Amino acid sequence: MTTAAEAAEGARPVARPTSRMRRLKKSRWGRVVARTPFYLLVALIFVYCLFPFYWFLRSSFTPEVKLFQTPVKYIPSPFTLANYREVLSASFFTDALLNSVIVAGSVTLLSLAIGASAAFALGRFRFHGRSFVMYLMLSMTIFPQIAILGALYTTISKFHLYDTLGALIFSYLIFTLPFTIWVLTSFMRALPGDLEEAAYVDGATPLQVFWKVLLPLIAPGLVTTGLLAFISAWNEYLYALSFIQSPGKYTVPLAITSFVSKTGSAFAVPWGQIMAATVIITMPLIILVLILQKRIIAGLTAGAVKG
Amino acid sequence: MASVATPAQPRRRSRRTKLARRQTRLAWLLLVPSLAVVALVALYPLGKTVFQSFTDQEFLALEPTKWVGFDNYTQLFHDSLFRHSIWTTIKFSAITVAFEFALGLAIALVVNSNFKGRGMMRAVMLVPWAIPTVVAAQMWKWMLDDTFGVINDLGVRLHVLSHSHAWIADPSTSLAAVCAVDIWKTTPFVALLLLAGLQVIPQDLYEAARVDGANVLQQFWKITFPLLKPAILVTLIFRTLDALRVFDVFYVFFGNRPDTQTMAIYAQSTIVGDGHVGYGAAVSVVIFLIIAIFVVIYMTLNRLSGEET
């Protein structure tokens, strides 16, 4: 980017282009000018990523009536919290928040508990069939969930789990567990062997080593993986749509798509409320992601690139 | 692979094998819960789906289920709705993966250079990825609204559009509208994956190239691209597989409007909506095979590019 800008600068018809360029590069303003196209590009990426967020914030703070007026206003006027009040007093939405916390929380804890022990075996032991299990887990991470929808649907209704949160907790393990195992194994493997060996020399059993030595060391990995599992369970839609029927058991994605206006008209979608709901359910995720940003990127690349 | 610690190096051979056997047993014991879950949640249902696809099973049917052989598959072969859904899914996948890759690579290259606020940029790029697809779809549905949407308003104000357009309802633009959501949500994520690959490339390679007088384009083709290839392939695989099973965006935008069904929506509405479990299972098996074909293609590509270098 910079070189292109400098080249353009140098191409101007001046007597001594090289010295002019050098002078330009040295002066502060020259540097700024040369870097301008680059920063414009950065700004463009920034706006592209964030504009929709601005827009739903703006819509959530604008009174419902004003949303349906042209010309479109870019700043909420008058500023209002009515949409938020409306959404938070709608029991199906607050129920959905609670349901999603229960489902995503249980799935995350289950995956971490089961996955960590598997990662211990896969990451710190040498045994026959290890790479087979690794491949099995990897193929599970790319497993198309739609392929088993029908079988899950009949199984779930046979065990009377249809329209319960249990159905979701059970079926979400299919995408959280293999991923958790895969990432935690890569964390386990990256640990140096010394501490562990010292513990074994001192007579610790493998399970003690697991609890007292390894688990604390991969705590950052557990946090990252847990967050990723939580996000994917929190966001899931297909199974929730298929296995849940009563509004009281809705998860957040189901709730967000089932807002209807009080008048019952299909044309008057309550966009203000939907946008307020959107803000409520995305802000915690966004804040968590921003705090744990570096770790998430590390976890994602461990999951994806090391394969 | 290699850095696996063995508990307390034993000296005698017999002790070692005994220890190894104990280790193996413990390892499998630790794996039991995970393998049980995978078997129960994935492998058993997969087998059952294949079985169901050869029957005429209906959800909550009164009559007993019959074995029908390949009937479902022959019927599927003539099912124009399903064929259309495959075509829609493949078009969607091709468009989004191509855009996400091209834009993502460009963004990764920009963010990879040194500048103030680079850390913040990387954080900003994670934001679209973190929000639920359903929510992203809802946001865009509102932004694309034909009368009160900001996209139409901006377009008209900036004289890109002569008049407001019903992006979602108009069949000629509905696919583009859906693609725009997916591209917005996933491009930054693709960029982050590629960025991770870029940062592993040693800087002195570029310095050496500069000393040898290579220009920026040459540096890209001779250094960046070959070294980034593994990261590119993995990113493409994951993106393609994700795109092929797309459900959420389409469903939020169109429900199960027939002209914009994806393979996943067709299967879901056949099984859950209509209760045709047997026929839907055949649909699922075909989807599974289509995705498997893509996996094989990519794995072959991966091996070929591995042999090349």
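A brief report on the enclosed structure follows. (Residues numbered from 1 in each chain as written. Chains lettered and ligands numbered in written order. Predicted model: local features only at pLDDT ≥ 70, side-chain atom pairs only at ≥ 80, totals over all residues.)

1. Thoughts on the overall build of chain A
- A tally of helices and strands in chain A yields 16 helices and 0 strands.
- Counting every position in chain A, which comprises 307 residues, the buried fraction comes to 42%.
- For chain A, the proportion of contacts with a sequence separation of at least 24, taken over those separated by at least 6, is 75%. (Helix = DSSP H or I, 4+ residues; strand = E, 2+ residues; numbered from the N terminus. Buried ≥ 20, exposed ≤ 12 C-beta atoms within 10 Å, placed from the backbone. Contact = placed C-beta atoms within 7 Å.)

2. Concerning the packing of helix α9 (residues 165-190) of chain A against helix α12 (residues 219-235) of chain A
Residue and element names in this part refer to chain A.
- At a minimum axis distance of 10 Å, the contact between α9 and α12 shows a crossing angle of 160 degrees. With respect to α12, the element α9 is oriented roughly antiparallel. Classified by chirality, the crossing of α12 by α9 is right-handed. Along its contact with α9, which presents Tyr 172, Phe 175, Thr 176, Phe 179, Thr 180, Val 183, Leu 184 and Phe 187, the element α12 presents Gly 221, Thr 225, Ala 229, Ser 232 and Ala 233.
- Of the residues assigned to the contact of α9 with α12, the class counts are 8 nonpolar, 5 polar and no charged. (Axes fitted to C-alpha atoms, helices over the stretch in contact; angles between N-to-C directions. Parallel < 35°, antiparallel > 145°, perpendicular 65-115°, else oblique. Left-handed = near helix turned anticlockwise from the far one by under 90°. Nonpolar A, V, L, I, M, F, W, Y, C, P; charged D, E, K, R; others polar.)

3. Structural notes on the nonpolar core
- Tyr 172 and Leu 173 of chain A together with Ala 191, Leu 194, Phe 247 and Ala 267 of chain B are the most contacted members of the largest nonpolar core, which totals 154 residues.
- Of the residues forming this core, the biggest block, 15 residues, is contributed by α9 of chain A.
- Shared between two domains, this core holds at least three residues of each, these being domain 1 (2-54) and domain 2 (85-304) of chain A.
- When neighbours within four sequence positions are excluded, Ala 267 of chain B is seen to be in contact with Ile 146 and Leu 149 of chain A together with Gly 280, Val 283, Ser 284 and Ile 287 of chain B. (Core = buried A, V, L, I, M, F, W, Y, C linked by C-beta atoms within 7 Å. Domains from an automatic or database assignment.)

4. A word on helix α8 (residues 149-158) of chain A
Residues and elements named next belong to chain A.
- Across the 10 residues that make up α8, a large majority, 8, are buried.
- Buried within α8 are the following residues: Leu 149, Gly 150, Ala 151, Leu 152, Tyr 153, Thr 154, Thr 155 and Ile 156.
- A positive phi of about 55 degrees marks His 160, the residue just after α8.

5. Topic: the interface of chain A and chain B
- The interface of chain A with chain B comprises 86 residues on the first partner and 77 residues on the second.
- Of the residues belonging to the side of chain A that touches chain B, the class tally is 61 nonpolar, 20 polar and 5 charged.

6. Things to note about the packing of helix α7 (residues 130-141) of chain A against α9 of chain A
All names here are of chain A.
- Where α7 contacts α9, the axes come no closer than 8 Å and their chain directions differ by 130 degrees. Here α7 lies oblique to α9, going by the angle between them. Between α7 and α9 the crossing geometry is left-handed. Contacts between α7 and α9 involve Met 137, Leu 138, Met 140 and Thr 141 from the former and Pro 178, Phe 179, Ile 181 and Trp 182 from the latter.
- In the contact of α7 with α9, the residues fall into 7 nonpolar, 1 polar and no charged.

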